[in-house]
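Chain residues, written in single-letter form:
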Amino acid sequence: MLLFFILGLLVHFVFFGSIFDIYFTSPLVHGMTPQLTPLPPPAKRLVLFVADGLRADTLYELDENGNTRAPFIRNIIMHEGSWGISHTRVPTESRPGHVALIAGFYEDVSAVAKGWKENPVGFDSLINESRYTWSWGSPDILTMFAKGASGDHVYAYSYDADNEDFGAQDVTKLDTWVFDNMKEFFHAARNNQSLFSKLNEEKIVFFLHLLGIDTNGHAHRPTSREYKDNIKVVDEGMKEIVSMLEDFYGNDGKTAFIFTSDHGMTDWGFHGAGHPSETLTPFVTWGAGIKYPQRVSAQKFDDAFLKEWKLENWKRQDIHQADIAPLMASLIGVPFPLNSVGILPVDYLNNTDLFKAESMFTNAVQILEQFKVKMTQKKEATLPFFFTPFKLLSESKQLNILRKARSYIKQRKYDEAVSLCKELIQLALKGLSYYHTYDRFFLGINVVLGFVGWTSYASLLIIRSHSSFTRGVSKEVKKPSHLLSCSFIAVGVLVAFFLLIQDCPWTYYIYCLLPVPIWFAVLREFQVIQDFVISLLTFPPSQLAGYLFIFTLGIEVLVLSFFYRYMLTAGLIAFACWPFITQLWTRAKSISLSWIFFSLLLAVFPLMPVVGRKPDIFLVIGAGSLVLLLSLCVLTSLIKRKDRFINEELLLHLFQMLSIVLSMYVVYSTHHSLLKKQGLPFLNQIISWIILASSFVLPLLSPTSLFERLFSILLSWMSAYLLLSTGYEALFPLVLSCLMFVWIQMEQETLQQSGVSYRQKSQGYLCCHKSIHEFDHKVTSLQFTCNLDITQFRHLYLDDIRRAFFLVFFLVTAFFGTGNIASVNSFDLASVYCFLTVFSPYMMGTLMMWKILIPFVLVMCAFEAVQLTTQLSSKSLFLMVLIISDIMALHFFFLVKDYGSWLEIGTSISHYVIVMSMTIVLMLLNGLAHLLTTKKLELYGKPKSHLI
C-alpha cells in the first residue's frame, strides 16, 4: 500500500506540474538584435516614480471636502502633461508589475518560485539599455534590476528590509527616505566632478520606488486615513524632487517624468488577482517629449470615473502597462528592450510625425524580431512534415508590410505608416502566442490520457480487492501476456524516439511516457473489467442510470462550489435532510437533531463575506470563549464518566485551555498595539510561535480514545487558529469539528442500521473498555490505538461511495467555507500579524496556508475515526476519495483557458491548481492525521494511576 501511495503521489505531482508547462512556460526568447530609432530623442534623462500599490481611483478622486489629495499631480494633469489609466495584468504583484513597466513584457508564473524578487529568466530592460541608472527604494525591487543589468552602470540605494514593517508607527518613512536620499545624492554631486559629469550625460534614468502606500494599504486598508495621507506625502515629495531636478539642470527642458504604479489593491488590503481595483493604476507623464493637456468636450470611455474625478474635460489616454517601456525608451533614445511586447503609445508624444512614424517602425521591427526567433526555434525542433507555420504572417507578408511602411514614411504618409506598423505588431504578437502555445494541445492530450488511465486503474484496484463484483476472479495479479508487454514496450520506445528527434524538453518525456505504464496496468486487469461489466449488466438500467445521475450531480455541485460558494450552503442543507431519507431519524433522534443543527449552522459560513474584508476582533475573542466553555463541559463529563482519571491527563486539558486563553490575549493585545502604531509586542510574538509549535505535540500526549484524542486535537489547533484569525472565521473550525463528531456517530448508526455486523479478528484490535461480546457501540469507547486493516471483514457497498463523497465535500467546505481562496486577493496579511509584521513573502505565505490547512486536518482526523467506526479499509475509502478528486481535477483541466479577461484566465488556472493541490495534500495529510490520532507520547514513562 505504501508503494502504491508513493507512486500515486509522484503521478499527481506530474499532473500538477503539467499545467505550468502547458500554460506557464516563459515567453522569452533570446538572440534578437537591438532596435533604435534613428532620430534624436526629445529628452536626455527620465525620472520614473512608481508608487507601489497605488489605486487609480484613490489618486484621482476628490476627498469628502471636494479637494484633491495630490495637488501637484492634479496640476500636472491640468496644465503640464498627459494622463490616463495603466491597465495591469495578473498576477498583480510587485515584481511582475515592475517587469512590465521597465522591461515591457508580462512575466510568467515561474517568478513565484523566486518570491517575485530574483530573475528566474534573464531579460533585457530599459535600465539595462540606459547609459546610467540611479535608483532608490525597496531592496526587493531594486536588486532584481541591478542583478539583471549588464555592466556596472546601475546604482541602487535601498533601506534595510526590516524597515518594511506593517506594524510600524509611521511607514511613510519608506517614501521620505527615498526623497531625502535622492536630495542628498544631488547635493553631494555638486562637489563631485566625476558624478556631476555622469549626471549630465544623455540616456540616463532615475528610478524612485515608493513602497509606503502599499505597506499602509496592507496594514490599514486603502480606505484608511493612513493610506490617503501617504498619497499626500508622495505628492509633496515628488514636487520637491521635480523642483530640485529643474534647478540642478538649469530648466533645460530635457527631463521627462513618469508617475505610475505597479498594481492597485482591493478594499481589504490585498492584491495578486484581477479585480479592477488591482488592475487599474494611475499614469501621469510630463516634461520633454510629452504632449500638453488637451481639453475635450466628450471622451470615448463609458465608465463613470471621469465624472467622479471631475476630469471629464481633460483628455484621458489609457495604456497597457507593458506599453510604458517602449514609451520611456523612445523618450530618451535607447533601444527598445529586446523582450518587450509593449506597443508605443504615440498619442502621448509631443514630437514630429516623422519621429512618431520612425519610432513606431522601430517598435514593429523589434517585436517582429522576437517572432522570427520564436518561429525558427520551433521549426528547428519539429519534424518538417509535422511543422505548421503561422499562416497570417508569412515571410513574404513580413517583407511586404515592412517595405510598404518604409515607403509611406518616405512619402510622408506618416499616419498610414503608423497604422501599418500597428497592424504588423498585432500579427507578430499573435504569431508569438501561436508558437508559444504550439505544443499545448499535444501535451494536453497526453495529460488527459494519464488522468483517465490513473482514475481507471484506481477504480479497478477497488473493484478487484474491495468489492463483491469480482468474486469469481482471483485476487492475485496475473502475469500479463507476452504480446501485451511487448506492445506497450514498443509504444514507449516509439514515443521516446519521436520526442528525441524533435529535441523536446525532458518534461515532455514524463508527460508522454507516463500514460504508457498506467494503461498497461489497466489493460492487464482485463478479466476484472470483463467481470465488472457483466455484474453491471445485472442491474436494472433505470437503477444504474439513477446512481450515475446522482454521482454526476454530486461532482457538479463540488465543481460549481469553486465558482459559487453558496453551492456549499445548498449542499449542507441537503445533508441536513439525510436522516429523514435514511430513516435514521426514527433510530437516533438526538444524533439526527445534532446533525441537522450543525449542518445548517455550518451552511451559514459560505454566505458570509470573504474573510478579511470585515475584520472583527471581538468575534475571535467570542470564538475562544466558546471553546473554553465547551472545554469545561467536556472536562466535567470526562471526570464523571471515567473511573480513573490520570493527573497528567487533567494537566494536559488545563494546559490546552491555558493556550486558548493566551491566544485570546495575544490577539486582543496585538490588535490594540497595532492600532496605536506601537508595532508587534515581542512577548506576543514569542507566545504565538510557542503555541503554534505546541499544537503539533500536545495532542500526542492525550489518551488515544476516540473522543479524547479528537477533542485534544481540536483544542490545540484552535489555539493556533485563533492567532491566525481576524473575524468570524475563528468560529468555523469549532462548528466544523462539532459536525465532524456527529458525522462519526451518524456513520456508526448507519452501519448498524444496514445490518453489517461488527467483528474483530483478534483481541487488542480495538482495545475497547468492554469485552468483544459486550461491545458498547458508542464512539466514546473506541480507541485509535489499532493498526488494523479489516479489508477481509467486509466489502465495499454503495453507501461507502456516499461516505467518500461526504469527505470530499467537507474538504471543499474547509477550503472555501470562509473565503474563495481560488482568488489570490482573498488572503489577508492581517492574519499573520500575531507572528510577524515585517514583510516576508515565504513566511507569511506559509502561515496563511497553514491557516487554510487546519480545518482540512480536522476533517481528515474525523475521516480516520469514520474508517474505524465503519470497519472499512482505509485504502479502499481513500482510493474512492482520490478518484472523486481526480474527476474534479480533470473537469477543471478542461475548464482552463487562456482567453477572455485576465480575471477569468487566472481563476480557471487557480481552480485546477487548488484541486490538484488538494489531492496531493490529501495524501500527505492522511499520514499526518493518522499520526495525530494513533501515536501516543509518554513524558514520564508509564502514566501513573493517581486518581481524582
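Predicted, not measured: the structure shown is a model, and the values here were computed from it.

## Details of the overall build of the protein
Here is step 1 of the chain: When helices and strands are counted, the protein shows 35 helices and 8 strands.
Here is step 2 of the chain: Here the protein, with 948 residues, has 56% of them falling under the buried criterion.
Here is step 3 of the chain: For the protein, the share of sequence-separated contacts (at least 6 apart) that also reach a separation of at least 24 residues comes to 80%.
Here is step 4 of the chain: As displayed, the protein offers around 39,900 Å² of accessible surface, 61% of which is attributable to carbon and sulfur atoms.

## Comments concerning the pattern of salt bridges
Here is step 1 of the chain: In the structure shown here, the tally under the stated rule is 22 salt bridges.
Here is step 2 of the chain: Note that Glu-61 is salt-bridged to Arg-69, the shortest N-O span being 3.0 Å.
Here is step 3 of the chain: Given the relative accessible area of 5%, Arg-69 is considered buried.
Here is step 4 of the chain: In this structure, the salt-bridge partner of Asp-318 is Arg-316, at a minimum N-O distance of 2.9 Å.
Here is step 5 of the chain: The exposure class assigned to Asp-318 is partly exposed, which follows from its relative accessible area of 24%.
Here is step 6 of the chain: A cluster of three or more residues bridged by salt bridges with shared partners is formed by Arg-225, Glu-226, Asp-229, Lys-232 and Lys-677.

## Concerning the packing of helix H9 (residues 212-220) against helix H10 (residues 225-248)
Here is step 1 of the chain: Contact pair H9 / H10: the axes reach a minimum separation of 8 Å and the direction vectors enclose 170°. Judged by the inter-axis angle, H9 sits roughly antiparallel to H10. Contacts between H9 and H10 involve Gly-212, Ile-213, Asn-216, Gly-217 and His-220 from the former and Glu-226, Tyr-227, Asn-230, Ile-231 and Val-234 from the latter.
Here is step 2 of the chain: Looking at the contact of H9 with H10 residue by residue, the class counts come to 4 nonpolar, 5 polar and 1 charged.

## Description of the environment of Pro-515
Here is step 1 of the chain: Tracing the chain through its elements places Pro-515 in helix H20 (residues 515-523).
Here is step 2 of the chain: Accessibility expressed as a relative area gives 7% for Pro-515, which makes it buried.
Here is step 3 of the chain: Along the chain, Pro-515 and Asn-446 lie 69 residues apart, while their C-alpha atoms are 7.0 Å from each other.

## Brief notes about the layout of surface pockets
Here is step 1 of the chain: Roughly 1,800 Å³ of volume is contained in the second largest pocket.
Here is step 2 of the chain: If you go around the second largest pocket, you meet 41 residues; those closest to its centre are Tyr-547, Leu-548, Phe-551, Leu-798 and Ile-801.
Here is step 3 of the chain: Every element with two or more residues in the lining of the second largest pocket is listed here: helix H17 (440-466), helix H21 (526-537), helix H22 (541-561), helix H23 (566-576), helix H24 (578-582), helix H32 (798-816) and helix H34 (874-895).
Here is step 4 of the chain: When the residues that make up the lining of the second largest pocket are grouped by side-chain class, the tally is 32 nonpolar, 7 polar and 2 charged.

## What to know about empty space enclosed by the protein
Here is step 1 of the chain: Applying the stated rule across the entire model yields 9 cavities of 30 Å³ or more.
Here is step 2 of the chain: One number sums up the size of the second largest cavity: a volume of about 70 Å³.
Here is step 3 of the chain: Taken together, 14 residues line the second largest cavity, and the ones lying closest to its centre are Arg-89, Pro-91, Pro-96, Gly-97 and Tyr-106.
Here is step 4 of the chain: For the lining of the second largest cavity, the class distribution of residues is 5 nonpolar, 5 polar and 4 charged.

## Comments concerning the nonpolar core
Here is step 1 of the chain: Within the largest apolar cluster, 161 residues are counted, with the highest numbers of intra-cluster contacts made by Trp-595, Phe-810 and Met-860.
Here is step 2 of the chain: Not counting residues within four places of it along the chain, the set of residues in contact with Phe-810 comprises Leu-572, Phe-575, Trp-595, Leu-739, Met-740, Trp-743 and Val-859.
Here is step 3 of the chain: Core analysis: the second largest hydrophobic core is formed by 68 residues, Val-50, Phe-336, Ile-343 and Leu-344 among them.

## As for the pairing of strand S6 (residues 255-260)
Here is step 1 of the chain: Where burial is concerned, most of S6 is hidden: 6 out of the 6 residues are buried.
Here is step 2 of the chain: With burial as the criterion, each face of S6 is covered, one bearing Thr-255, Phe-257 and Phe-259 and the other bearing Ala-256, Ile-258 and Thr-260.
Here is step 3 of the chain: Pairing of strand S1 (residues 45-51) with S6, which is carried by 6 bridges, proceeds in the parallel orientation. Its bridge partner being in S6, Leu-46 is matched across the sheet by Ala-256.
Here is step 4 of the chain: The sheet contact formed by S6 and strand S7 (residues 280-287) spans 5 bridges and is antiparallel. Residue pairing in the sheet places Thr-260 in a bridge with Phe-283 of S7.

## Notes on the side chain of Ser-592
Here is step 1 of the chain: On the secondary structure map, Ser-592 appears in helix H26 (residues 589-602).
Here is step 2 of the chain: A relative accessible area of 0% means that Ser-592 is categorised as buried.
Here is step 3 of the chain: In terms of polar contacts, Ser-592 uses its side chain to reach the backbone carbonyl oxygen of Leu-584, at 3.4 Å.
Here is step 4 of the chain: Each residue touching Ser-592, except ones within four places of it in the same chain, is listed here: Pro-579, Leu-584, Trp-585 and Met-746.

## Considerations on the packing of aromatic side chains
Here is step 1 of the chain: Under the counting rule described, the total for this entry stands at 64 aromatic pairs.
Here is step 2 of the chain: Members of the aromatic cluster, joined through ring pairs, are Tyr-132, Trp-134, Trp-136, Tyr-155, Tyr-157, Phe-185, Phe-186, Phe-196, Phe-206, Phe-248 and Tyr-249.
Here is step 3 of the chain: Seen from the ring of Phe-301, Arg-316 lies directly overhead, with NZ or CZ sitting 3.8 Å from the centre.
Here is step 4 of the chain: Between Arg-406 and the ring centre of Phe-361, over which it is positioned, the NZ or CZ distance is 4.4 Å.

## Regarding helix H19 (residues 506-513)
Here is step 1 of the chain: Along H19, the residues classified as buried are Thr-507, Tyr-508, Tyr-511 and Cys-512. Down the axis of H19, the sector holding all buried residues measures 125°, keeping them to one side.

## Here we look at the packing of helix H28 (residues 647-675) against helix H29 (residues 682-697)
Here is step 1 of the chain: With their axes 10 Å apart at the nearest point, H28 and H29 run at an angle of 145° to one another. When the axes of H28 and H29 are compared, the crossing they make is left-handed. Residues Ser-659, Leu-662, Ser-663, Tyr-665, Val-666, Ser-669 and Thr-670 of H28 form the contact with H29, whose own contacting residues are Asn-684, Ile-687, Ser-688 and Ile-691.
Here is step 2 of the chain: Along the lines of polarity and charge, the residues of the contact of H28 with H29 split into 5 nonpolar, 6 polar and no charged.

## Section: the sheet that holds strand S3 (residues 132-137)
Here is step 1 of the chain: The strand order across the open sheet formed by 8 strands is S4-S3-S5-S1-S6-S7-S2-S8, and the pairing between neighbours is mixed. Since the sheet does not close on itself, it has two edges, and those belong to strand S4 (154-158) and strand S8 (319-320), each with one partner.
Here is step 2 of the chain: Pairing of S1 with strand S5 (residues 204-210), which is carried by 7 bridges, proceeds in the parallel orientation. Paired with Val-47 across the two strands is Phe-206, which belongs to S5.

## Quick look at unusual backbone geometry
With glycine set apart, most residues show a phi of negative sign, and most peptide bonds adopt trans.
Here is step 1 of the chain: Backbone geometry at Asn-251 places phi at a positive 50°, although glycine is not the residue there.
Here is step 2 of the chain: Here Asn-251 is to be found in the loop between H10 and S6.
Here is step 3 of the chain: A positive phi angle is found at Lys-677, which is not glycine, with a value near 60°.
Here is step 4 of the chain: Among the secondary structure elements, Lys-677 is positioned in the loop between H28 and H29.
Here is step 5 of the chain: Lys-677 gets classed as partly exposed once you look at its relative accessible area, which sits at 21%.

## Quick look at the confidence of the model for the protein
Here is step 1 of the chain: Looking at the protein as a whole, its pLDDT mean stands at 85, while 88% of the residues score no less than 70.
Here is step 2 of the chain: Here residues 112-117 is modelled with pLDDT under 50, and outside its nearest four sequence neighbours on either side it reaches 18 contacts, counting other chains as well.

## Points about the pairing of S5
Here is step 1 of the chain: Burial analysis of S5 places 7 of its 7 residues in the buried class, which makes it a mostly covered element.
Here is step 2 of the chain: When S3 meets S5, the two strands line up parallel, connected through 5 bridges. Bridge pairing links Ser-135 to Phe-207 in S5.

About the cut-offs
Residues numbered from 1 in each chain as written. Predicted model: local features only at pLDDT ≥ 70, side-chain atom pairs only at ≥ 80, totals over all residues. Heavy atoms only, no water. Helix = DSSP H or I, 4+ residues; strand = E, 2+ residues; numbered from the N terminus. Buried < 20%, exposed > 50% of the residue type's maximum accessible area, 1.4 Å probe, protein only. Contact = heavy atoms within 4.5 Å. Areas by Shrake-Rupley, 256 points an atom, 1.4 Å probe, with all protein chains shown as cover. Salt bridge = Lys/Arg side-chain N within 4 Å of Asp/Glu carboxyl O. Axes fitted to C-alpha atoms, helices over the stretch in contact; angles between N-to-C directions. Parallel < 35°, antiparallel > 145°, perpendicular 65-115°, else oblique. Nonpolar A, V, L, I, M, F, W, Y, C, P; charged D, E, K, R; others polar. 1 Å grid on protein atoms, 1.4 Å probe; cavity = no way out; pocket = protein on both sides within 12 Å on 5 of 7 lines; lining within 4 Å. Points joined across faces, edges and corners; volume = space filled by probe spheres on them. Core = buried A, V, L, I, M, F, W, Y, C linked by side-chain atoms within 4.5 Å. Pairing = 2+ DSSP bridges. Polar contact = N/O pair within 3.5 Å; in protein donor to acceptor, adjacent residues only side chain to side chain. Phe/Tyr/Trp six-rings, centres within 6.5 Å; stacked < 30°, edge-to-face > 60°. Lys NZ or Arg CZ within 6 Å of the ring centre and 35° of its normal. Arc of directions from axis to C-beta. Left-handed = near helix turned anticlockwise from the far one by under 90°. pLDDT = per-residue confidence, 0-100.

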